[in-house]
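Close look at the chain arrangement
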Amino acid sequence: MILPTAQRIEKKSTVHPAWPSFQSPRGRAIQYGSECCPRTIDILGRAGGVIMDPKFSDDDVKDIARAIRKVYMAIGPA
């Protein structure tokens, strides 16, 4: 999650209405939301990841790496 796009951040909702970072003049002036980080949103929209469990064996990790390389070679670099 990109924090500036989270609804509670965009709306500056906090656990207490006097939250200092949103009450200062600078804090009130900052606008959050998807408009503040379009490049990050674009990059993350094209990113992928693999969840690796610390309990995976070395063979498991090697199998996953082989599978990723196989798919990467099949679709080609972007």
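Residues numbered from 1 in each chain as written. Predicted model: local features only at pLDDT ≥ 70, side-chain atom pairs only at ≥ 80, totals over all residues. Heavy atoms only, no water.

1. Quick look at unusual backbone geometry
Note: most residues except glycine have negative phi, and most peptide bonds are trans. One non-glycine residue with positive phi stands out, namely Lys-12, at about 55 degrees. As for its position among the elements, Lys-12 is in the loop between helix 1 (7-10) and helix 2 (20-23). (Helix = DSSP H or I, 4+ residues; strand = E, 2+ residues; numbered from the N terminus.)

2. Brief notes about the confidence of the model for the chain
Caution applies to low-pLDDT parts of the model: their predicted coordinates are not meant to be read in detail. Within the chain, residue pLDDT values average 89, and 97% of them lie at 70 or more. Helix 2 is the least confidently modelled element of the chain, averaging 84 in pLDDT, while helix 5 (residues 58-75) averages 94, the highest of any element. (pLDDT = per-residue confidence, 0-100.)

3. Here's the deal with the packing of aromatic side chains
Evaluated as defined, the whole model comprises one aromatic pair. Consider the rings of Phe-22 and Tyr-32, whose centres lie 5.9 Å apart with planes at 70 degrees: the pair is edge-to-face. Within this pair, whereas Phe-22 is found in helix 2, its partner Tyr-32 is found in the loop between helix 3 (25-29) and helix 4 (38-45), the two being separated by 10 residues in sequence. (Phe/Tyr/Trp six-rings, centres within 6.5 Å; stacked < 30°, edge-to-face > 60°.)

4. Here's the deal with a nonpolar patch on the surface
A contiguous nonpolar surface patch, about 390 Å² in accessible area, is contributed by Val-50, Met-52, Phe-56, Val-61 and Ile-68. Looking at where Val-61 falls in the secondary structure, it is placed in helix 5. (Patch = residues over 30% accessible without salt bridge, like charges linked within 9 Å, V, L, I, M, F, W, Y side chains within 5 Å. Areas by Shrake-Rupley, 256 points an atom, 1.4 Å probe, with all protein chains shown as cover. Salt bridge = Lys/Arg side-chain N within 4 Å of Asp/Glu carboxyl O.)

5. Details of the state of the cysteines
In total, this model carries zero disulfides according to the counting rule given. Residue Cys-36 stays outside any disulfide, its sulfur separated by 4.0 Å from that of Cys-37, the closest cysteine. Under the relative-accessibility criterion, Cys-36 is labelled partly exposed at 39%. A relative accessible area of 10% means that Cys-37 is categorised as buried. (Disulfide = S-S within 2.5 Å. Buried < 20%, exposed > 50% of the residue type's maximum accessible area, 1.4 Å probe, protein only.)

6. Details of the pattern of salt bridges
Throughout the structure, instances matching the rule amount to two salt bridges. The partner of Asp-42 in a salt bridge is Arg-46, and the shortest N-O contact between them spans 2.9 Å. Taking the relative accessible area as the measure of exposure, Asp-42 reaches 42% and is therefore partly exposed. Looking at Arg-46, the relative accessible area reads 62%, which means it is exposed. A salt bridge links Asp-63 to Arg-66, with the shortest nitrogen-to-oxygen separation between them at 2.4 Å. Here Asp-63 pairs with Arg-66, and both are found in helix 5, just three residues apart, close to one helical turn. Classification of Asp-63 by relative accessible area gives partly exposed; the value is 42%.

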